[in-house]
Amino acid sequence: DTAVSQTPKYLVTQMGNDKSIKCEQNLGHDTMYWYKQDSKKFLKIMFSYNNKELIINETVPNRFSPKSPDKAHLNLHINSLELGDSAVYFCASSRTSGGAPRQETQYFGPGTRLLVL
Amino acid sequence: GQNIDQPTEMTATEGAIVQINCTYQTSGFNGLFWYQQHAGEAPTFLSYNVLDGLEEKGRFSSFLSRSKGYSYLLLKELQMKDSASYLCAVRSSGGYQKVTFGTGTKLQVIP
């Protein structure tokens, strides 16, 4: 009964490669997010999609391209990987509503630990 | 923009009470979250404050003062399993409201 799942959990790859991380949520949420958590544990928003539409796009290199085929999935493709991309990438989801803001609590996936060599 | 400040690390004794502070500066405020993150795991939701005052949930309480741009998380009857990072996060107002996380406070509970 996993709420937010990510694959793979670990990813070790060479510099210059292209890789993808997948995220799926079965909570019926309409908003999904990608966060990057660096070695100093700072959790920073990268992208957010609402109903498959990109709504937040922070200052992220265009080597990073999110794709949302439907409301339950948000994938992240990274081209030409660099050493500085090594981090833990968290997917999250929430329900955006006009009602109680508490409903918009974000639920996080287990994270994908990316190591670029 | 948003600026969120928390202490980097704290140590407290099992059974004691600890208060983790968070100050923020934001151009528009629409709520403050506290998340707990154990090492190697995902953040999990603890509390949400949008109005001034104290919200209590079991051993954990969270306080907000919007006029002071200040919140704290209070943990009572500390247990060893409470050793974790505690992340303060602020939601901006207007449009699709972005949540910005602080750098987190790493709490170590010692016997």
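Scroll up a little and you will see the structure.
Everything quoted here is computed from the prediction, not taken from an experiment.

Caption draft 1: Summary view of the state of the cysteines. All names here are of chain B. Inspection of every chain in the model, using the stated rule, returns 2 disulfides over all chains. Between the sulfur of C22 and that of C88 lies a disulfide, 2.0 Å long from S to S. Taking the sign of the torsion about the S-S bond as the criterion, the disulfide between C22 and C88, at about -65°, is left-handed. Separated by 66 residues along the polypeptide, C22 in strand β3 (residues 18-26) and C88 in strand β9 (residues 84-91) bring together distant segments of the chain. In this structure, C22 and C88 share a single accessibility class: buried.

Caption draft 2: Structural view of the interface of chain A and chain B. Taken together, the 20 residues of chain A in the interface contact 19 residues of chain B. When chain A packs against chain B, the two sides together hide about 1800 Å² of surface, and 57% of this comes from carbon and sulfur. Remark: the boundary between chain A and chain B carries 1 salt bridge. In this structure, A:E58 and B:K98 form a salt bridge, with 3.1 Å as the shortest nitrogen-oxygen distance. At the boundary of chain A with chain B, the tally comes to 4 residue pairs in polar contact (both at pLDDT 80 or more). Looking at the side of chain A that touches chain B, the elements that each hand over two or more residues are β4 (31-37), β5 (43-50) and β6 (53-57) of chain A. Take the side of chain A that touches chain B: its biggest share by element is 3 residues, from β5(A). Considering only residue class, the side of chain A that touches chain B consists of 10 nonpolar, 5 polar and 5 charged.

Caption draft 3: Fine view of the side chain of A:T105. Tracing the sequence through the fold places A:T105 in the loop between β9 (87-94) and β10 (107-108). Residue class for A:T105 comes out buried when judged on its relative accessible area of 3%. Not counting residues up to four positions away in its chain, the partners in contact with A:T105 are A:S93, A:S94, B:F33, B:Y35 and B:F45.

Caption draft 4: Molecular detail of the environment of B:L64. Residues and elements named next belong to chain B. Looking at the element boundaries, L64 is found in strand β7 (residues 60-65). With 26 residues separating them along the chain, L64 and V90 place their C-alpha atoms 11 Å apart. Leaving out residues up to four positions away in the same chain, L64 has contacts with Y24, F29, L32, N49, V50, L51, D52, G53, Y70 and S71.

Caption draft 5: Representation of a nonpolar patch on the surface. A surface patch of nonpolar side chains, about 270 Å² in accessible area, is lined by A:V12, A:L115 and A:L117. Within the secondary structure, A:L115 sits in strand β11 (residues 112-116).

Caption draft 6: Spatial organisation of the side chain of B:S71. Residues and elements named next belong to chain B. Inspection of the secondary structure puts S71 in strand β8 (residues 70-75). At 3.0 Å, the side chain of S71 forms a polar contact with the side chain of W34. At 2.8 Å, the side chain of S71 forms a polar contact with the backbone oxygen of F63.

Caption draft 7: Broad picture of the sheet that holds β3(B). All names here are of chain B. Pairing is antiparallel across the open sheet formed by 5 strands, whose spatial order is β1-β3-β8-β7-β6. Of all the strands in the sheet, just β1 (2-5) and β6 (53-57) have a single pairing partner and so form its edges. Between one strand axis and the next, the sheet turns through 15° on average, direction left out of account.

What counts and what doesn't
- Residues numbered from 1 in each chain as written.
- Chains lettered and ligands numbered in written order.
- Predicted model: local features only at pLDDT ≥ 70, side-chain atom pairs only at ≥ 80, totals over all residues.
- Heavy atoms only, no water.
- Disulfide = S-S within 2.5 Å.
- Helix = DSSP H or I, 4+ residues; strand = E, 2+ residues; numbered from the N terminus.
- Buried < 20%, exposed > 50% of the residue type's maximum accessible area, 1.4 Å probe, protein only.
- Contact = heavy atoms within 4.5 Å.
- Buried area = accessible area lost by both parts, 1.4 Å probe.
- Salt bridge = Lys/Arg side-chain N within 4 Å of Asp/Glu carboxyl O.
- Polar contact = N/O pair within 3.5 Å; in protein donor to acceptor, adjacent residues only side chain to side chain.
- Nonpolar A, V, L, I, M, F, W, Y, C, P; charged D, E, K, R; others polar.
- Patch = residues over 30% accessible without salt bridge, like charges linked within 9 Å, V, L, I, M, F, W, Y side chains within 5 Å.
- Areas by Shrake-Rupley, 256 points an atom, 1.4 Å probe, with all protein chains shown as cover.
- Pairing = 2+ DSSP bridges.
- Axes fitted to C-alpha atoms, helices over the stretch in contact; angles between N-to-C directions.

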